[in-house]
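Okay, here's what each chain looks like letter by letter:
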Amino acid sequence: MFELLKEQPADKILMLMQAFREDPRETKIDLGVGVYKDANGNTPVMRAVKAAEKLWWEQETTKAYTGLAGDPAYAEAMIDLVLGDAVPRAAVSAAATPGGTGACRQGFDLVRMANPAARVWVSDPTWPNHLSILKHMGMERVDYRYFDEETRGVDFDGMMADLAGVKAGDVVLVHGCCHNPTGANLNLAQWRELVALLNAKGAIPMVDIAYQGFGDGLDEDAAGVRLIASSVPECIIAASCSKNFGIYRERTGLLMTVAQDTAKQKLNQGTLNYLNRQNYSFPPDHGARLVTLVLNDPGLRADWAAELEEVRLSMLGLREQLASELQRLSGSDRFGFIAQHRGMFSRLGATPEQVARLRDEHAIYMVGDSRLNIAGLNKTTVPILARAIVDVGI
Ligand code: PMP
């Protein structure tokens, strides 16, 4: 039987990490993998998370199974974090998942189960896992324009023109904030226009929010998802705690559905439980428990929010430094988009040849589509990157 298996394509980012590790040059800079790094290149455990771990070690009395949807207190805390008071609690169903990836996967499974004919619209470009999961599941996908290669902002006219083609029952996947890989995001007026279009077409939005707190702030980054949740009849939301709690390997996510018709809440909740059951039974608990402890303890929550704000501001500072360094070196404003982008990533808009030259001639590693991880930089490496960017003629 195994001889029937086909070789699967290797993950490009993991290959890049490997190449970086093997590069003997001491000056090498890793702007590839999507993990937050501080100025020393470390991905620290956040203070409040560490404190919660200590508390939990003392408090935990059993490792018996939780519920199929995970610990209800986790869902409550996360619904509050993501949705605030945008929708009545009775409209929301939620299940813990292994990371945001698990939430996306379960969300797609829900779509397929509810409406096998649904097409899933994704931004071009999007996080490659969206594409590979949809392909693996055999679901029909349609791309919509998103990135304006010229301005490096959102091609909103193109996006709306493409989305005019959605059919009732189609699902439109959007990034809640800090778009991966481009860093370009909708403003509130654009979110409103998008909502109006989706409502007019009868399409269902699915929001993937993996970087809440990395862009403009915890509430600001949730403005789009809250607007959607409060103004469409139904939506699906996949949230990740990997980045904003720094608990990548704990696999902590939440899949939510919102239905204005609250009579659907029970059915939706039962479906989310069912899907967890089919795929892995009980979701992981440790990360979810830490998130719950942090969010429900005023002291820990304040400390977490303060540390997250430090992270956010450090990335913003690096963006501004890089944009102004590039302005100085190139004598043009064409790199201003780097300061406008939000989150961990920016797509530079370089050719694959230029990306290869950055790697070969300057030991600077970024993803082939010219996505760079801003958090891979520090004050010393920003000028080095800026010089290299100008040198390879981006
Ligand atoms: N969605 C997007 C857009 C992401 O960038 C990521 C992280 N790379 C995720 C979801 C989920 O990450 P995780 O499964 O690690 O929580």
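Bear in mind the structure is a predicted one, so any value in this text is a computation, not a measurement.

(A) Quick look at the domain arrangement of the protein chain. Segmentation of the protein chain into domains returns domain 1 (11–45 + 312–391) and domain 2 (65–296). Using C-alpha coordinates to define each centre, domain 1 is positioned 28 Å away from domain 2. Facing the 21 residues of domain 1 at the interface are 22 residues of domain 2. Only α12 (298–330), α13 (337–340) and β9 (345–347) provide two or more residues apiece to the side of domain 1 that touches domain 2. A per-element tally of the side of domain 1 that touches domain 2 places β9 first, with 3 residues. When grouped by side-chain class, the residues that make up the side of domain 1 that touches domain 2 number 9 nonpolar, 7 polar and 5 charged.

(B) Structural detail: the sheet that holds strand β3 (residues 120–124). The strand order across the open sheet formed by 7 strands is β2-β8-β7-β6-β5-β3-β4, and the pairing between neighbours is mixed. The open sheet is flanked by β2 (92–97) and β4 (141–145), the only strands paired with a single partner. Neighbouring strand axes in the sheet, compared pairwise and without regard to direction, differ in orientation by 25 degrees on average. Here 6 bridges tie β2 to strand β8 (residues 253–259), and the two strands are oriented antiparallel to one another. Pairing of T97 across the sheet is with G253, part of β8. The sheet strands contacting helix α5 (residues 128–136) are β3, β4 and β5 (171–175), and the helix crosses β3 at an angle near 150 degrees.

(C) Focus on the nonpolar core. Membership of the largest hydrophobic core comes to 113 residues, with the highest contact counts inside it found for M78, V82, A94, V172, I237, V291 and V294. Per-element tally for this core: the top contributor is α12, with 9 residues. Both of domain 1 (11–45 + 312–391) and domain 2 (65–296) provide at least three residues apiece to this core. Beyond its immediate sequence surroundings of up to four residues, V294 is in contact with A48, V49, A52, L300, R301 and W304.

(D) Representation of the pairing of β2 in the model. Of all 6 residues in β2, 6 are buried, a share of seventy percent or more. Every second residue of β2 is oriented toward a common face, with V92, A94 and A96 on one face and S93, A95 and T97 on the other, all of them buried.

(E) Quick peek at the UniProt feature "domain: Aminotransferase class I/classII large" (unreviewed entry) in the protein chain. Here the UniProt-annotated "domain: Aminotransferase class I/classII large" (unreviewed entry) positions come out as residues 27–389. End C-alpha to end C-alpha, residues 27–389 measures 16 Å, and it is 46% helix and 14% strand.

(F) Focus on the packing of helix α2 (residues 47–59) against helix α11 (residues 286–296). Running from N to C, α2 and α11 point in directions that differ by 105 degrees, and their axes come no closer than 9 Å. Comparing their axes, α11 and α2 come out roughly perpendicular. Counting all contacts with α2, which are made through A48, V49, A52, E53, L55 and W56, the residues of α11 involved are R289, L290, L293 and V294. When its residues are assigned to classes, the contact of α2 with α11 shows 8 nonpolar, no polar and 2 charged.

How each quantity is defined
Residues numbered from 1 in each chain as written. Predicted model: local features only at pLDDT ≥ 70, side-chain atom pairs only at ≥ 80, totals over all residues. Domains from an automatic or database assignment. Contact = placed C-beta atoms within 7 Å. Helix = DSSP H or I, 4+ residues; strand = E, 2+ residues; numbered from the N terminus. Nonpolar A, V, L, I, M, F, W, Y, C, P; charged D, E, K, R; others polar. Pairing = 2+ DSSP bridges. Axes fitted to C-alpha atoms, helices over the stretch in contact; angles between N-to-C directions. Core = buried A, V, L, I, M, F, W, Y, C linked by C-beta atoms within 7 Å. Buried ≥ 20, exposed ≤ 12 C-beta atoms within 10 Å, placed from the backbone. UniProt positions renumbered as here; feature names shortened; annotations may be inferred. Parallel < 35°, antiparallel > 145°, perpendicular 65-115°, else oblique.

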